[in-house]
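# An overview of the molecular structure
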Amino acid sequence: MRKAPSKTSVPDRAADPSLQSLFDVHEATLPNGLQVRLLANHLAPVVSLYTFFNVGSRNERPGITGISHLFEHMMFNGAKKYGPKMFDKTLESNGGSSNAYTSHDMTVYYDDFSSDALETVLDLESDRMRSLRISQEMLTSEREVVKEERRVRMDNDIGGMMDEELGSLVYKAHAYRWPVIGWMADIEAITREDCQNFFRTYYAPNNAILYIAGDIDPKKTLALVRRYYGDIPRGPAPQPVINAEPEQRGERRSTVRHPAQSPAVVIGYKGPSARDEDTLALDVAQYVLTKGEGSRLTRSLLYEQKVVVGVGLDWSWRIDPGTILFFLELMPESDPQKAEAALYAELEKLARDGITERELQKALNNLRSDHLRELGTNNGRAHAMGNYEALLGDWRHVLTLPSAYASITREQVQAAVKKYLIPERRSVVTLMPAPSEA
C-alpha cells in the first residue's frame with residue numbers, strides 16, 4: 001500500500017515497565033497475508049475487535065474521491081451469509097455494538113461484545129471481507145446517504161467549508177488536498193465496477209490487520225481466526241502512494257463568503273509526517289499552546305486581549321506530512337487581521353523564548369495521562385495498537401511512547417516551532433459573513 005520510511009518518529013527506547021506487563025501480544029500472519037494481533041485481558045468477560053484496512057483518501061485519485069468513505073457505509077449492507085441489515089441485528093442480539101471511521105490514511109471497523117459471542121463476530125466480519133454484496137441498488141442507496149452527509153458536514157457547515165478550502169490551499173499535488181468525504185461530483189460518478197475493483201484490492205486480507213483484545217484464549221482465538229479467515233483469497237498489491245507535494249515558498253490565502261454571525265480564521269502550517277523526529281516535539285507545543293484554561297493561546301487571546309471567543313489547535317499525525325491547524329472563532333464585527341496578528345505574536349514569542357520548565361512538565365504529564373487513559377479499556381488498547389502500527393510501523397510504540405515523550409527537551413520544542421510555524425509554511429482561510437441568500 002505504501003512505501004515505509006526508513007526511520008520512525010520514535011527512537012528505539014525501553015518499554016514502560018508498567019505497560020509491558022499489560023501487552024503480552026500474540027502475533028501471527030495467515031498464508032493469505034492477514035496479520036493478527038491478540039491481547040488477553042480477563043478482568044471482564046468482554047472483547048473488542050478492530051479491523052484496520054490500510055486505505056484512506058490518500059489512496060484515491062481524482063474521479064473517485066470519497067470512495068473509501070463510501071465503502072465504510074457499504075460494508076454494513078450485507079454479504080453472502082449475512083444479508084442486508086443482518087450484521088447489526090446479529091451483533092446486537094448477542095449484546096454487541098459496532099462502528100467505523102475513515103480517515104486520510106486508514107479505514108477502521110470495530111466491535112465490542114461479550115466474550116461468548118467471539119465466534120459469531122468472527123463469522124460476521126470474515127463474511128463481509130470475503131463476499132461483500134455490491135449491487136447497483138446498494139450503491140445507489142448509500143450514495144444518496146453520503147451525498148446528504150456531505151451537504152450537512154461540508155456544504156452547509158462553516159467549519160467543514162473552511163477545512164475543505166484550507167486543504168486545497170495547503171496541498172497542491174498530494175491526495176490530502178481533497179476531503180475524506182470526497183467531492184460531490186466524484187461521489188455521484190463512482191460506478192459499481194469502481195467499487196468491485198476497490199474491494200478486491202483494498203479489502204483483501206493482505207491489506208488488513210486484525211486486533212482482538214479482551215477475555216480471550218489467544219491459542220483458541222487464533223484457531224478460530226484461521227478457520228473463518230483462512231480461505232479468503234489475497235488481493236492484488238495496492239499501488240504505492242507517491243508524495244509529490246512541492247515545497248511551499250510563501251504564504252497562501254483564501255477568503256470564503258458565507259452567511260454567518262461572525263468572521264472566523266483557519267490557519268494551517270505544513271508539518272512533518274508521523275514518523276518524523278519533530279512530531280513529538282510538536283505534540284508538546286500543542287499542549288503548551290491550547291491544552292487547558294491556562295494554556296498560552298487561551299490565556300492571551302481569549303482572556304487577556306479578548307480578540308477571540310474560541311481558539312483551537314489540531315495537530316493530528318498522518319502517514320505523509322500533515323497540517324498544524326489553528327482555528328480562531330471571532331466576535332461579530334471584529335477584525336480578523338487583529339486576531340491573526342495576536343496569534344502570530346504568540347508563535348513568534350514561543351520561537352524566540354521557548355517554553356518554561358513548568359510548561360514542559362505540565363505538557364508531558366498531560367500527554368502521558370492521555371496516552372494511559374486510552375489504554376484503560378480493551379477498545380482503547382486495540383485501537384492504540386492499530387493506530388500506531390498504521391502510522392509508525394509497529395504497535396510496540398504503545399509501550400515506548402511514554403519514555404519517548406519524557407526525553408523531549410525545551411530546546412527540541414523551540415527548534416520545531418522555529419522550523420514549522422513560520423510564514424513560508426502558512427496557509428490562511430478567512431470566513432467573511434455574507435448576507436443570507438434567503
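Rules and cut-offs
- Residues numbered from 1 in each chain as written.
- Predicted model: local features only at pLDDT ≥ 70, side-chain atom pairs only at ≥ 80, totals over all residues.
- Heavy atoms only, no water.
- Helix = DSSP H or I, 4+ residues; strand = E, 2+ residues; numbered from the N terminus.
- Rg over C-alpha atoms; globule rule 2.2 N^0.38 Å.
- Buried < 20%, exposed > 50% of the residue type's maximum accessible area, 1.4 Å probe, protein only.
- Contact = heavy atoms within 4.5 Å.
- Areas by Shrake-Rupley, 256 points an atom, 1.4 Å probe, with all protein chains shown as cover.
- Lys, Arg positive; Asp, Glu negative; His and termini not counted.
- Charge placed at Lys NZ, Arg CZ, Asp CG, Glu CD.
- Core = buried A, V, L, I, M, F, W, Y, C linked by side-chain atoms within 4.5 Å.
- Phe/Tyr/Trp six-rings, centres within 6.5 Å; stacked < 30°, edge-to-face > 60°.
- Lys NZ or Arg CZ within 6 Å of the ring centre and 35° of its normal.
- pLDDT = per-residue confidence, 0-100.
- Pairing = 2+ DSSP bridges.
- Axes fitted to C-alpha atoms, helices over the stretch in contact; angles between N-to-C directions.

A count of helical and extended segments in the protein chain gives 16 helices and 11 strands. The C-alpha atoms of the protein chain give a radius of gyration of 23 Å, which matches the 22 Å a tight globule of 438 residues would have. If one aligns the C-alpha atoms of the protein chain with their principal axes, the spans along those axes are about 60 × 55 × 40 Å. Looking at the protein chain as a whole, 57% of its 438 residues qualify as buried. Restricting to contacts in the protein chain with at least 6 residues of sequence separation, those with at least 24 account for 82%. When the accessible surface of the protein chain is totalled, it reaches about 19,100 Å², and 50% of it is carbon and sulfur. Charge separation in the protein chain, taken as the distance between the mean sites of 53 positive and 60 negative side-chain charges, equals 3 Å.

As a further point, take the nonpolar core. Formed by 83 residues in total, the largest nonpolar core has its most connected members in Val284, Trp317, Phe326 and Leu328. Counting residues per element, this core draws most heavily on helix 10 (residues 279-290), at 8 residues. Counting 52 residues, the second-largest nonpolar core is a separate cluster that includes Ala28, Ala100, Ile187 and Phe199.

On to the packing of aromatic side chains. Throughout the structure, instances matching the rule amount to 18 aromatic pairs. Where tyrosine 109 meets tyrosine 203, the ring centres are 6.1 Å apart and the plane angle is 70°; that geometry is what we call edge-to-face. Residue tyrosine 109 is located in strand 5 (residues 107-114), and its partner tyrosine 203 is located in the loop between helix 8 (192-202) and strand 6 (208-214); the two are separated by 94 residues in the primary sequence. Of the two residues, tyrosine 109 and tyrosine 203, neither departs from the other in class, the shared state being buried. Of the aromatic side chains, those joined through ring pairs into one cluster are Phe53, Phe71, Phe76, Phe87, Tyr109, Phe198, Phe199, Tyr202 and Tyr203. Over the aromatic face of phenylalanine 87 sits the side chain of arginine 128, whose NZ or CZ is 4.0 Å from the ring centroid.

The next point concerns the confidence of the model for the protein chain. When pLDDT is averaged along the protein chain, the result is 94, and 96% of the positions lie at 70 or above. Residue range residues 1-11 is modelled with pLDDT below 50. Its contacts to residues more than four positions away, or to other chains, number 37 contacts.

Spatial strand order, 7-11-8-10-9: 5 strands in an open sheet with mixed pairing. In the strand order of this sheet, the two ends are held by strand 7 (252-258) and strand 9 (310-315), each with one partner. Pairwise comparison of adjacent strand axes, ignoring direction, gives a mean angle of 15° for this sheet. For strand 9 and strand 10 (residues 323-329), the ladder comprises 6 bridges, and the chain directions are antiparallel. Across the sheet, residue glycine 312 finds its bridge partner in strand 10, namely phenylalanine 327. Against the sheet, helix 10 touches strand 9 and strand 10, its axis set at about 170° to strand 9.

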